[in-house]
Amino acid sequence: MERLDFTLLTDGSSDAILIRPLTWLLRQHLTCPIDGTWADLRRLSDPPKDIRTRIEVALDLFPCDLLFVHRDAEREPHEKRLREILAAVSGREGRVIPVVPIRMQEAWLLLDEAALRRAAGNPGGRFPLDMPSIDRLEAVPDPKDVLHRLLLDASGLPGRRRQKLKPGRMALRLGELIEDYGPLRRLSAFQHAERALVSALAGWWA
């Protein structure tokens, strides 16, 4: 394979940062150049709502070798979200890969304290951060709330200055700063995405 282009279709705009861990994952299995594009459907005059139509539109507007389809499990069982995606991709199973983090994708950013402090603009900060262990990430009830709180704490800023911070933007920066997403391989949802990817790649060379 000389090059791989992939598209990421997400629940929301903040989830576009998943391009980073997915690119990291692809580089563990491929040596060719890899380019990822976020399928931003918000600019359409009538953005599709149902998952099947969103997948069809994404494939049409953002041609790619692989389409990663993200849904946060949130309060639903992981398997239910997977079934929803698989039911919507009938006939394209080898080309479309579900990405369903347990709870929310923000859990996949809670793995690098040094990068988190840099994203908060205070790399030398000494304020103790209660980072959840990797083995506990999929049990965190609200990863987004935990991530935003940690980013604010890591900033070291008090009162009004802290209130002016935008943790959502800091989280996007964090995703760009993390260089090694290897610890995510200990998470069941990331393992599932990797197995689906390996199966898809194997099908190309079968």
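Please read all numbers here as calculations on a predicted model, not as lab measurements. (Residues numbered from 1 in each chain as written. Predicted model: local features only at pLDDT ≥ 70, side-chain atom pairs only at ≥ 80, totals over all residues. Heavy atoms only, no water.)

Caption draft 1: Here's a closer look at the overall build of the chain. When you go through the chain residue by residue, the secondary structure sums to 8 helices and 4 strands. Going from N to C terminus, the chain has its helices and strands arranged as β-α-β-α-β-α-β-α-α-α-α-α. Viewed in the frame of its principal axes, the chain has a C-alpha envelope of about 55 × 40 × 30 Å. By residue count, 49% of the 206 residues in the chain fall in the buried class. Pairs at least 24 apart in sequence give 72% of the contacts found in the chain among residues at least 6 apart. Within the structure as shown, the chain displays about 10,800 Å² of accessible surface, and the carbon and sulfur contribution to it stands at 47%. (Helix = DSSP H or I, 4+ residues; strand = E, 2+ residues; numbered from the N terminus. Buried < 20%, exposed > 50% of the residue type's maximum accessible area, 1.4 Å probe, protein only. Contact = heavy atoms within 4.5 Å. Areas by Shrake-Rupley, 256 points an atom, 1.4 Å probe, with all protein chains shown as cover.)

Caption draft 2: Spatial organisation of the sheet that holds strand β4 (residues 96–99). On the basis of which strands lie adjacent, the open sheet formed by 4 strands has the order β2-β1-β3-β4 and parallel pairing. If you trace the sheet from one side to the other, it starts and ends with β2 (34–38) and β4, each paired once. Direction aside, neighbouring strands of the sheet carry axes that sit 25° apart on average. Relative to β2, strand β1 (residues 4–9) runs parallel, the two sharing 5 bridges. (Pairing = 2+ DSSP bridges. Axes fitted to C-alpha atoms, helices over the stretch in contact; angles between N-to-C directions.)

Caption draft 3: Quick peek at the layout of surface pockets. Size it by volume and the largest pocket reaches roughly 170 Å³. For the largest pocket, the full set of lining residues is Ile19, Arg20, Thr23, Trp24, Arg27, Ile34, Gly36, Ile178, Glu179 and Tyr181. Looking at the lining of the largest pocket, its residues break down into 5 nonpolar, 2 polar and 3 charged. (1 Å grid on protein atoms, 1.4 Å probe; cavity = no way out; pocket = protein on both sides within 12 Å on 5 of 7 lines; lining within 4 Å. Points joined across faces, edges and corners; volume = space filled by probe spheres on them. Nonpolar A, V, L, I, M, F, W, Y, C, P; charged D, E, K, R; others polar.)

Caption draft 4: The arrangement of the state of the cysteines in detail. Tallying each qualifying case throughout the model produces 0 disulfides. There is no disulfide at Cys32, and the cysteine sulfur nearest it, in Cys64, is 14 Å away. Cys32 sits in the buried class, given a relative accessible area of 12%. (Disulfide = S-S within 2.5 Å.)

Caption draft 5: Quick look at helix α3 (residues 78–88). Buried within α3 are the following residues: His78, Arg81, Leu82, Ile85 and Ala88. Projection of α3 onto a plane perpendicular to its axis shows the buried side chains occupying an angular sector of 130°, all on one side. (Arc of directions from axis to C-beta.)

Caption draft 6: Representation of the packing of helix α5 (residues 143–155) against helix α7 (residues 167–177) in the model. Here α5 crosses α7 at 90°, and the two axes come no closer than 9 Å. Accordingly, the angle class assigned to the pair α5 and α7 is roughly perpendicular. Within the contact between the two elements, α5 uses Leu147, His148, Leu151 and Leu152 and α7 uses Pro167, Gly168, Met170, Ala171 and Leu174. Residue composition of the contact of α5 with α7, by class: 7 nonpolar, 2 polar and no charged. (Parallel < 35°, antiparallel > 145°, perpendicular 65-115°, else oblique.)

Caption draft 7: Fine view of the packing of helix α2 (residues 51–61) against α3. Closest axis-to-axis distance for the α2/α3 pair is 8 Å, and the angle between their directions is 55°. With respect to α3, the element α2 is oriented oblique. Of the two possible hands of crossing, α2 and α3 adopt the one that is right-handed. Contacts from Ile51, Arg52 and Ile55 in α2 reach Glu84, Ala87 and Ala88 in α3. Class assignment of the residues belonging to the contact of α2 with α3 gives a composition of 4 nonpolar, no polar and 2 charged. (Left-handed = near helix turned anticlockwise from the far one by under 90°.)

All quantities given are derived from atomic positions and should not be read as evidence of function.
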